[in-house]
Amino acid sequence: MSGRLQDKVALVFGAGSVGPGWGNGKATATLFAREGAAVVCIDVNAAAAAETVGIIRGEGGRASAAACDVTRSEDIRAVVAAAIAEHGRIDVLHNNVGYATMGGPIELDEAGWHRTLDLNVTSCFLTCKHVLPHMLERRSGAIVNLSSIAAVRYTGYPYAAYYAAKAAVNNFTMGLALQYAAQGIRVNAIMPGLMNTPLIHQQISGQYADAEEMVRARDAACPTGRMGTAWDIAKAALFLASDEAAYITGVSLPVDGGLSCRAA
């Protein structure tokens, strides 16, 4: 690899996968390590984080695992403190945690609404709360948040809280980018489109007769004729985290095969 993150320290929240295969966070953590970063792989599922670390170390990369509930400020504080104690700095913060809860205002209960916003938006707020002071101290850093094209358009699924949450991620990203631009910190977001990752089998498949129908329908809905993969997201995250994107901040980048350009 080209060493685009050589000797940088990256925290990847949501670095595990919810099932067999490559999720966005797992692929991103692995690619960051392949490009020279020391990666702290953080996930609510300790075994999933450890699996990603095992892959990275098996390839000769540098990684450590940490368990963390991103809705708990103290959990995040402890993870950040441990990373600083081990590495002395944090160069990249990647917020990959997200969750889609089906239901509109009638079907979704209040707990589901708050849980969806906490996982998608409050998590970004809390990680930034604890990481930004260290980036400001060095006047350097790159933050990449995972949003969705659901932030800007209807995707066909009845998940009102998810639409609201991802729209908030976009504006949160923009606000941070402008607030900290003069301090050398860049903040961008990625908006995945229809992706073929383990997550869709957990959160989306219930909207279809079976998993096979889901894959066929989602492939057909994409202008490219196929869904994207976790590696498409990982490559976008690598670019935004790297010095190649040194003059890019405040962007919410669609990675969707053109889907968000289509009128219907």
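**Q** I keep staring at the sheet that holds strand S5 (residues 141-146) and nothing clicks. Help me out?
**A** Read from one edge of the open sheet, seven strands run S3-S2-S1-S4-S5-S6-S7, paired in parallel fashion. The two strands at the open ends of the sheet, each matched to only one other strand, are strand S3 (62-67) and strand S7 (252-255). On average, adjacent strands in this sheet sit at an angle of 20 degrees to one another, irrespective of strand direction. As judged from the six bridges shared by S5 and strand S6 (residues 185-192), these two strands associate in the parallel manner. Looking at S6, one finds that Val 144 is bridged to Asn 188. Helix H3 (residues 73-87) contacts strand S1 (9-13), strand S2 (38-43) and S3 of the sheet and is inclined by roughly 160 degrees relative to S1.

**Q** I'm lost on the packing of H3 against helix H4 (residues 110-138) in this one. Help?
**A** What describes two packed helices is the angle between their axes and the distance between those same axes. Relative to each other, H3 and H4 sit at 30 degrees, their axes nearing to 9 Å. When the interaxial angle is binned, H3 and H4 end up roughly parallel. Helix-helix and strand crossings are classified by hand; for H3 and H4 the assignment is right-handed. For the pair H3 and H4, the contacting residues are Ser 73, Ile 76, Arg 77, Val 80 and Ile 84 in the first and Leu 126, Thr 127, His 130, Val 131 and His 134 in the second. Residue composition of the contact of H3 with H4, grouped by class: five nonpolar, four polar and one charged.

**Q** Would you mind going over the packing of aromatic side chains with me for this structure?
**A** Two aromatic rings are characterised by how far apart their centres lie and by the angle between their planes. Under the defined criterion, the tally for this structure stands at six aromatic pairs. Residues Trp 22 and Trp 231 carry aromatic rings whose centres are separated by 4.8 Å and whose planes lie at 55 degrees to one another, so their mutual orientation is tilted. Of this pair, Trp 22 sits in the loop between S1 and helix H1 (24-34) while Trp 231 is found in helix H8 (residues 230-241), placing the two residues 209 residues apart along the sequence. Residue Trp 22 is classed as partly exposed on the basis of its relative accessible area, which comes to 29%. Residues Tyr 159 and Tyr 163 carry aromatic rings whose centres are separated by 4.8 Å and whose planes lie at 70 degrees to one another, so their mutual orientation is edge-to-face. You can call Tyr 159 buried: its relative accessible area is 5%. A relative accessible area of 15% means that Tyr 163 is categorised as buried. Connected via pairs of aromatic rings, a cluster forms that spans Tyr 154, Tyr 157, Tyr 159, Tyr 162, Tyr 163 and Tyr 208. Geometry around Trp 22 places Lys 26 over its ring, the cationic atom sitting 5.0 Å from the centre.

**Q** Please clarify how unusual backbone geometry should be interpreted in this entry.
**A** Glycine aside, a negative phi is what most residues show, and trans is what most peptide bonds show. You will see that Asp 7, though not glycine, has its phi angle at about 65 degrees, which is positive. For Asp 7, the location among the structural elements is in the segment before S1. Despite not being glycine, Arg 139 has its phi angle at roughly 55 degrees, a positive value. Within the secondary structure layout, Arg 139 lies in the loop between H4 and S5.

**Q** For this particular structure, what's the right way to read the side chain of Ser 242?
**A** Position of Ser 242 relative to the elements: it lies in the loop between H8 and S7. Taking relative accessible area as the criterion, Ser 242 reaches 1% and is therefore assigned buried. Not counting the four nearest positions on each side in its chain, Ser 242 is found in contact with Arg 4, Leu 5 and Arg 186.

**Q** Honestly, the nonpolar core in this entry has me stumped. Any pointers?
**A** Nonpolar side chains in soluble globular proteins generally cluster together in the buried interior. Ala 29, Phe 32, Val 39, Cys 41 and Ile 190 are the most contacted members of the largest nonpolar core, which totals 29 residues. Elements that contribute at least two residues to this core include exactly S1, H1, S2, helix H2 (46-58), S5 and H8. Take this core: its biggest share by element is eight residues, from H8. If sequence neighbours within four positions are ignored, Val 39 has contacts with Ala 10, Val 12, Ala 29, Phe 32, Ala 33, Arg 62, Ala 63 and Ser 64. Judged by nonpolar contacts, the second largest core, of 28 residues, contains Leu 11, Ala 66, Met 135 and Val 187.

**Q** Looking at this structure, how should I read the environment of Gly 193?
**A** Note on placement: Gly 193 falls in the loop between S6 and helix H6 (198-203). Relative accessible area serves as the criterion here: at 15%, Gly 193 is assigned to the buried category. The sequence separation of Gly 193 and Pro 254 amounts to 61 residues, and the corresponding C-alpha distance is 7.1 Å. Filtering out sequence-adjacent residues up to four positions away, Gly 193 remains in contact with Ile 149, Val 255 and Asp 256.

**Q** Please explain H8 as it appears in this structure.
**A** For the α-helix, the turn length of 3.6 residues means that residues three or four positions removed from each other point alike. When the terminal C-alpha atoms of H8 are compared, their 16 Å separation across 12 residues agrees well with the 16 Å that a helix rising 1.5 Å per residue should span. Turning to H8, its buried residues are Ala 230, Ile 233, Ala 234, Ala 236, Ala 237, Leu 238, Leu 240 and Ala 241.

Reading the values: the criteria
Residues numbered from 1 in each chain as written. Predicted model: local features only at pLDDT ≥ 70, side-chain atom pairs only at ≥ 80, totals over all residues. Heavy atoms only, no water. Pairing = 2+ DSSP bridges. Helix = DSSP H or I, 4+ residues; strand = E, 2+ residues; numbered from the N terminus. Axes fitted to C-alpha atoms, helices over the stretch in contact; angles between N-to-C directions. Contact = heavy atoms within 4.5 Å. Parallel < 35°, antiparallel > 145°, perpendicular 65-115°, else oblique. Left-handed = near helix turned anticlockwise from the far one by under 90°. Nonpolar A, V, L, I, M, F, W, Y, C, P; charged D, E, K, R; others polar. Phe/Tyr/Trp six-rings, centres within 6.5 Å; stacked < 30°, edge-to-face > 60°. Buried < 20%, exposed > 50% of the residue type's maximum accessible area, 1.4 Å probe, protein only. Lys NZ or Arg CZ within 6 Å of the ring centre and 35° of its normal. Core = buried A, V, L, I, M, F, W, Y, C linked by side-chain atoms within 4.5 Å. Expected span 1.5 Å × (residues − 1).

Everything listed is a geometric property; what it means functionally is a separate question.
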